[in-house]
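Topology and contacts: notes
What follows is each chain in one-letter form.
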Amino acid sequence: DTGVSQDPRHKITKRGQNVTFRCDPISEHNRLYWYRQTLGQGPEFLTYFQNEAQLEKSRLLSDRFSAERPKGSFSTLEIQRTEQGDSAMYLCASSPRGADTYGYTFGSGTRLTVV
Amino acid sequence: RKEVEQDPGPFNVPEGATVAFNCTYSNSASQSFFWYRQDCRKEPKLLMSVYSSGNEDGRFTAQLNRASQYISLLIRDSKLSDSATYLCVVISGSDYKLSFGAGTTVTVRA
């Protein structure tokens with residue numbers, strides 16, 4: 001296991017289309033986080049899972065966004081009816097339970113461009 | 001008010017110079033503090049933790065001032081490879097979600 005994998009690396013979509021991103025965490029990590037980063041800003045927390053349970057969702061996560069982590073393994077983040085304001089880098093991170101940031105590993109991110 | 005605020009810079013310094021910058025955090029109950037480094041269009045990577053007593057890692061020195069709620073990073077003998085955005089990160093809850101500042105851009109020139 002070489003780390004956290006995200007797919008795709010880049011996605012260009014037309015406004016109004018739906019998109020889905022995938023994150024494969026480090027296999028023994030039971031916590032999985034999604035962050036969003038726009039140009040000139042630091043990453044902002046979106047949501048996190050402990051195993052398959054989604055424990056918190058940010059106010060940033062409108063009803064067009066949904067995340068799942070079936071069976072506590074990989075996770076998907078879906079954006080419905082994309083808007084230009086959704087253009088950002090979507091970062092996934094995983095960590096073992098109870099770890100501080102030393103246990104955090106970020107994926108390389110999915111860069112979304114909505115045209 | 002944002003939870004973590006940083007001077008965005010940019011700090012343009014010559015090789016060999018010392019550069020230092022701060023960040024402030026708003027939640028007095030924050031318990032863990034870090035500096036991350038992010039290269040252009042890459043993911044953030046942990047640079048170092050910040051401890052109350054201050055700590056060094058090679059040319060990098062981090063300080064925490066809980067009374068004034070700020071964190072600092074000092075880079076000595078700057079290298080070209082230090083050019084990056086430095087993100088201040090705070091953890092304030094038991095769920096370990098990270099709160100990031102917007103980043104401070106450092107450019108080291110030859």
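About the criteria used
In this convention, every chain numbers its residues from 1, walking through the sequence in written order. Both sets of labels track the order of writing: A upward for chains, 1 upward for ligands. Since the coordinates come from a predicted model, pLDDT governs what is reported: local features require at least 70, and pairs of side-chain atoms require 80 or more to be given and counted, while whole-chain, interface and lining totals use all residues. Each side-chain value is derived from all of the structure's non-hydrogen atoms; neither hydrogens nor water enter the calculation. By definition in these notes, contact holds between two residues if any of their heavy atoms fall within 4.5 Å. Put simply, buried area is how much 1.4 Å-probe accessible surface two parts lose in total, over both of them, once they are put together. Whenever Lys or Arg places a side-chain nitrogen within 4 Å of a carboxyl oxygen from Asp or Glu, that contact is recorded as a salt bridge. Nitrogen and oxygen atoms within 3.5 Å of one another constitute a polar contact, given that in protein one can donate a hydrogen and the other can accept it, and given that sequence-neighbouring residues count only through two side-chain atoms. What counts as a helix is a DSSP run of H or I of at least four residues, what counts as a strand is a run of E of at least two, and both are numbered from the N terminus. In this classification, the charged set is Asp, Glu, Lys and Arg, the nonpolar set is Ala, Val, Leu, Ile, Met, Phe, Trp, Tyr, Cys and Pro, and all remaining amino acids, among them Gly, are polar. The set of buried Ala, Val, Leu, Ile, Met, Phe, Trp, Tyr and Cys residues whose side-chain atoms join them within 4.5 Å is what this entry labels a nonpolar core. For each residue, the accessible area found with a 1.4 Å probe, counting protein chains only, is set against the maximum for its type, and the residue is called buried under 20%, exposed over 50%, and partly exposed in between. A pair of strands is treated as paired once DSSP finds two or more bridges between them. For helices, the axis comes from a line fit to the C-alpha atoms of the stretch in contact; other axes are also lines fit to C-alpha atoms, and the angle between any two N-to-C directions lies between 0 and 180 degrees.

Looking now at the interface of chain A and chain B. Listed per partner, the contact involves 23 residues of chain A and 20 residues of chain B. Of the roughly 1800 Å² buried between chain A and chain B on both sides combined, carbon and sulfur atoms contribute 53%. One can count 1 salt bridge joining chain A with chain B. Between Glu56 of chain A and Lys97 of chain B there is a salt bridge; the shortest N-O distance is 2.8 Å. Linking chain A to chain B there are 4 residue pairs in polar contact (both at pLDDT 80 or more). For the side of chain A that touches chain B, the secondary structure elements donating two or more residues are strand E4 (31-37), strand E5 (44-50) and strand E9 (88-95) of chain A. Take the side of chain A that touches chain B: its biggest share by element is 4 residues, from E4 of chain A. By residue class, the composition of the side of chain A that touches chain B is 11 nonpolar, 8 polar and 4 charged.

As a further point, take the nonpolar core. When a protein is soluble and globular, its nonpolar side chains tend to lie buried together. Phe21, Phe33, Trp35, Val50, Ile71, Leu73 and Tyr86 of chain B are the most contacted members of the largest nonpolar core, which totals 23 residues. Beyond its immediate chain neighbours, meaning those up to four positions away, Phe33 of chain B contacts Tyr25, Ser49, Val50, Leu64, Arg66, Ile71, Val89 and Val90 of chain B. By size, the runner-up hydrophobic cluster in this structure holds 19 residues, among which are Phe21, Leu61, Leu112 and Val114 of chain A.

For the rest of this paragraph, the subject is the pattern of salt bridges. All names here are of chain A. Counted according to the given criterion, the structure contains 8 salt bridges over all chains. Between Glu83 and Arg64 there is a salt bridge, and its shortest N-O distance comes to 3.4 Å. Placement of the pair is Glu83 in the loop between strand E8 (75-79) and E9 and Arg64 in the loop between strand E6 (53-57) and strand E7 (65-68), with a sequence separation of 19 residues. Take Arg64: its relative accessible area is 9%, and that puts it in the buried class.

Moving on, we get to the pairing of strand E9 (residues 84-91) of chain B. Residues and elements named next belong to chain B. Extensive coverage of E9 is indicated by the burial of 7 of its 8 residues. Bridging between strand E4 (residues 32-38) and E9 involves 7 bridges; their strand directions are antiparallel. Across the sheet, the residue bridging to Ser32 is Ile91, located in E9. Across 3 bridges, the pairing between E9 and strand E11 (residues 104-109) is antiparallel. Residue Thr85 lies in a different strand from E11, and its bridge partner there is Thr105. Sheet analysis places E9 next to strand E10 (residues 98-100), joined by 3 bridges and oriented antiparallel. Across the sheet, Val90 pairs through a bridge with Ser99, a residue of E10. Adjacent in sequence and paired antiparallel, E9 and E10 are bridged by 6 residues, among which Tyr96 carries a positive phi angle near 60 degrees.

Once that is clear, we can look at the sheet that holds strand E3 (residues 19-24) of chain A. Residue and element names in this part refer to chain A. In space, the 4 strands of this open sheet follow the order E1-E3-E8-E7, with antiparallel pairing throughout. Each having just a single partner strand, strand E1 (5-7) and E7 make up the two edges of the open sheet. The average angle at which neighbouring strand axes cross in this sheet is 15 degrees, direction not considered. Sheet topology note: the E7/E8 ladder contains 4 bridges and is antiparallel. Directly across from Ser66, in E8, lies its bridge partner Glu78.

All right, on to unusual backbone geometry then. Across the junction of Asp7 of chain A and Pro8 of chain A, the peptide omega takes the value -5 degrees, indicating a cis bond. Within the element layout of this structure, Pro8 of chain A appears in the loop between E1 and strand E2 (10-13). In this structure, Pro10 of chain B follows Gly9 of chain B across a cis peptide bond, with omega equal to 5 degrees. Summarising the element assignment, Pro10 of chain B is placed in the loop between strand E1 (4-6) and strand E2 (11-14). The phi angle at Asn51 of chain A is positive, at roughly 55 degrees, despite the residue not being glycine. Structurally, the position occupied by Asn51 of chain A is in the loop between E5 and E6. Residue classification places Asn51 of chain A among the partly exposed positions, given a relative accessible area of 34%. Even without being glycine, Asp77 of chain B reaches a positive phi, approximately 50 degrees. One can find Asp77 of chain B in the loop between strand E8 (70-75) and E9.

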